[in-house]
Structures are given as C-alpha cells and as structure tokens.
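# Summary of structural features
Below, each chain spelled out in residue letters.
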Amino acid sequence: MKKATPEQIALKREEIIDACEQLYQTMSFREITLKEIGTITSFSRPTIYNYFETKEEIFLALFTREYDRWNVQLDAILNEHEHLNKEQLADLIAKSLAERAQLLKLLAMNNYDMEANSRQELLTVFKQSYGGSMQRVKMLLEKFCPDMTDIDVQNFIYTFFPFMFGIYPYTSVTEKQSTAMNEAGINYVYHTVYELTFGCLIRLLGK
C-alpha cells in the first residue's frame, strides 16, 4: 500500500476535525463519540485511530485551530493600524472574540481532562497556538498602550486570559438555565460577548 504523504495526512486530519466542529454545533462534548464523528466522514471509527487516539485529541485539535483563527484576527489588528487609543483597541479585540463563539465554548469545557487525555506532542502544538495568542495580545498592548509598564502588561495578560474562560457561560444561556435563574429569584442581566469583553478590557486598560 502506498504511504500517505504529509499533505494527505493533514487533509484527513482536517476532515475529522471538521466533522467534530459540525457536531459540536448541536451536540455536547459528552454526546459526541468517535462513532458519531465517523458517520459524517469518509472514515470508519478504527481508521480515525490512525490520526487521533482519543476524542479529546480531536477536540484539542479543534481548540488549536480556533486559537490559530483568533491569532489571524489579532495579527490584522496589529498590522492594519498605526495608532489606536485604548477604547478603539478594546473595541477591536472585543469584536474579534465576538466572532469566535466556538473558541469561547471550548474554553468553558473541562480543559484538564482534554489535555490529560491527549498525547504530549499534540498538547505542545496546542500550547504554541495558545501562547501565540498571549504573545499577540502583549504586542498589541506594547504598540498601542505605550504608557503601560511591563508589570501592567503582565497583569493584564494574567487577568484577561482567565476571564475568557467564563465569557461563554455568561453570554450563552439555555432556556433551562434561564428558567432556573428566574425560579431562584436571581435578577441576572444578560450581556453579549462584545459587551462583556469590551467592559472588561476598558477596565483593565484603565480607560
């Protein structure tokens, strides 16, 4: 049998990730299985094991791709503007995250289990993409907020990135959750991803 080229392997991996992404639009992590993924790809479940050893690895690859997509947006902000005030910078970053609902949904998952059940080399690739986002945000702050000290930038990074883990649950509420909040007597004001993110960024930037 002819050995697959790296390009062919990459295309097959992408097909599996695409299938996982499609299922994740309507199903939860718990509901999605390798069998389910196999039903909407050209692969059987045993064949999928040639590319990913666990379901968590597929989700980690999807997670990596989402960070890569956000990195493209952050690069655009960095390269397409010479000057931005803090409000403009907060606006553009908030808009970029508002377009990355799937990234925010993945952030709200149990990342410990996902990472624990993935091979080291795949986890390293993921951390490179994640770290790339942190580095790009740092570069945005250094370029557009020159008044911020190194400590200010570090504090921003280690406040904003943990904050991102909670955006999805606070902005994407199911009818069941909303009903429970009402029955519990909690007068919760719902915000969009943009509103929540912009408000946090403005406070962190000291606007």
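As shown above, the structure is provided for reference.
Residues numbered from 1 in each chain as written. Predicted model: local features only at pLDDT ≥ 70, side-chain atom pairs only at ≥ 80, totals over all residues. Heavy atoms only, no water.

### Here's the deal with the overall build of the protein chain
Formally: Helical segments are the DSSP runs of H or I of at least four residues, strand segments are the runs of E of at least two, and each set is numbered from the N terminus. Any two residues whose heavy atoms approach within 4.5 Å at even a single point are treated as in contact. Only the protein chains shown count as cover for residues, and the accessible areas themselves come from Shrake-Rupley with a 1.4 Å probe.
Scanning the protein chain from N- to C-terminus turns up 12 helices and 0 strands. Its helices and strands in sequence order give the protein chain the pattern α-α-α-α-α-α-α-α-α-α-α-α, from N to C terminus. Counting only contacts in the protein chain whose residues sit at least 6 apart along the sequence, the fraction spanning at least 24 positions is 77%. Accessible surface computed for the protein chain: about 11,900 Å², of which carbon and sulfur atoms make up 53%.

### Topic: the pattern of salt bridges
Close approach of charged atoms allows side chains with opposite charge to pair. Just so we agree on the cut-off: Throughout this description, the term salt bridge denotes a Lys or Arg side-chain nitrogen within 4 Å of a carboxyl oxygen of Asp or Glu. Classification of residues uses two cut-offs on accessible area relative to the type maximum, computed with a 1.4 Å probe and protein chains only: under 20% is buried, over 50% is exposed, and between them is partly exposed.
By the definition in use, this model includes 13 salt bridges. Among the salt bridges present, the one from Arg-136 reaches Asp-75, with a minimum N-O distance of 2.9 Å. With a gap of 61 residues between them, Arg-136 in helix H8 (residues 120–144) and Asp-75 in helix H4 (residues 55–80) connect regions that are remote in the sequence. The class for Arg-136 is partly exposed, based on a relative accessible area of 23%. Classification of Asp-75 as partly exposed rests on a relative accessible area of 24%.

### Quick notes on the packing of H4 against H8
Two quantities define a packed helix pair, namely the angle between the helix axes and the distance between the axes. What counts here: An axis is simply a line fitted to the C-alpha atoms; with a helix, the fit covers only the stretch in contact. Between two such axes, the angle follows the N-to-C directions and lies from 0 to 180 degrees. Throughout, the term roughly parallel applies to angles under 35 degrees, roughly antiparallel to angles over 145, roughly perpendicular to angles from 65 to 115, and oblique to all others. Crossing handedness is defined as follows: a turn of the near helix away from the far one that is anticlockwise and smaller than a right angle gives a left-handed crossing, while the clockwise case is right-handed. Gly is placed with the polar residues, together with every amino acid not listed as nonpolar (Ala, Val, Leu, Ile, Met, Phe, Trp, Tyr, Cys and Pro) or charged (Asp, Glu, Lys and Arg).
Here H4 crosses H8 at 20 degrees, and the two axes come no closer than 9 Å. Considered as vectors, H4 and H8 are oriented roughly parallel to each other. The two elements H4 and H8 meet at a crossing, and its hand is left-handed. For the contact of H4 with H8, the residue count by class is 16 nonpolar, 5 polar and 5 charged.

### Quick notes on the environment of Arg-136
Just so we agree on the cut-off: Distance and chemistry together define a polar contact, namely a pair of N or O atoms within 3.5 Å, with one atom able to donate a hydrogen and the other to accept it when in protein, and with adjacent residues in sequence counting only for side-chain atoms on both sides.
When the C-alpha positions of Arg-136 and Asp-75 are compared, they lie 7.1 Å apart, and in sequence the two are 61 residues distant. When residues no more than four places from it in sequence are discounted, the contact partners of Arg-136 are Asn-71, Leu-74 and Asp-75. A polar contact is formed between the side chain of Arg-136 and the side chain of Asp-75, at a distance of 2.9 Å.

### Let's talk about helix H1 (residues 6–24)
To keep it simple, the criterion reads: The span expected for a helix works out to 1.5 Å for each residue beyond the first.
Taking 1.5 Å per residue as the helical rise, H1 with its 19 residues ought to reach 27 Å, and the 27 Å between its terminal C-alpha atoms agrees with that figure. By the burial criterion, the buried members of H1 are Ile-16, Ile-17, Ala-19, Cys-20, Glu-21, Leu-23 and Tyr-24. Those residues of H1 that are buried lie in contact with helix H2 (34–39), helix H3 (45–48), H4 and helix H6 (101–107).

### Thoughts on the environment of Met-134
Of note, Met-134 is situated in helix H8. Each C-alpha atom, one on Met-134 and one on Ile-93, is 13 Å from the other, the two residues being 41 residues apart in sequence. Apart from the residues lying within four places of it in its own chain, the contact partners of Met-134 are Ile-157, Tyr-158 and Phe-161.

### Brief notes about the packing of aromatic side chains
As a reminder, the rule being used: Pairs were defined over the aromatic rings of Phe, Tyr and Trp, the Trp ring being its six-membered one, requiring ring centres within 6.5 Å. Orientation was assigned from the angle between planes: stacked under 30 degrees, edge-to-face over 60, tilted for the rest. Distance and angle both matter: a charge sits over a ring if NZ of Lys or CZ of Arg is within 6 Å of the ring centre and within 35 degrees of the ring normal.
Using the criterion set out here, one finds 14 aromatic pairs in the structure. Centre to centre, the rings of Tyr-24 and Phe-59 are 5.2 Å apart; their planes meet at 85 degrees, and the pair counts as edge-to-face. Taken together, the residues Tyr-24 in helix H1 and Phe-59 in helix H4 connect sequence positions 35 residues apart. Judged by its relative accessible area of 3%, Tyr-24 is buried. Given the relative accessible area of 0%, Phe-59 is considered buried. Between Phe-160 and Phe-161, the ring centres sit 6.0 Å apart and the planes meet at 85 degrees, which makes this aromatic pair edge-to-face. Considered together, Phe-160 and Phe-161 belong to a single accessibility category, that of buried residues. Taken together, Phe-63, Tyr-67, Trp-70, Phe-126, Tyr-130, Phe-156, Phe-160, Phe-161 and Phe-163 form an aromatic cluster joined through their ring pairs. Its end group placed over the ring of Phe-29, Lys-55 keeps NZ or CZ at 4.1 Å from the ring centre. Just above the ring of Tyr-24 sits the side chain of Lys-105; from NZ or CZ to the centre is 4.0 Å.

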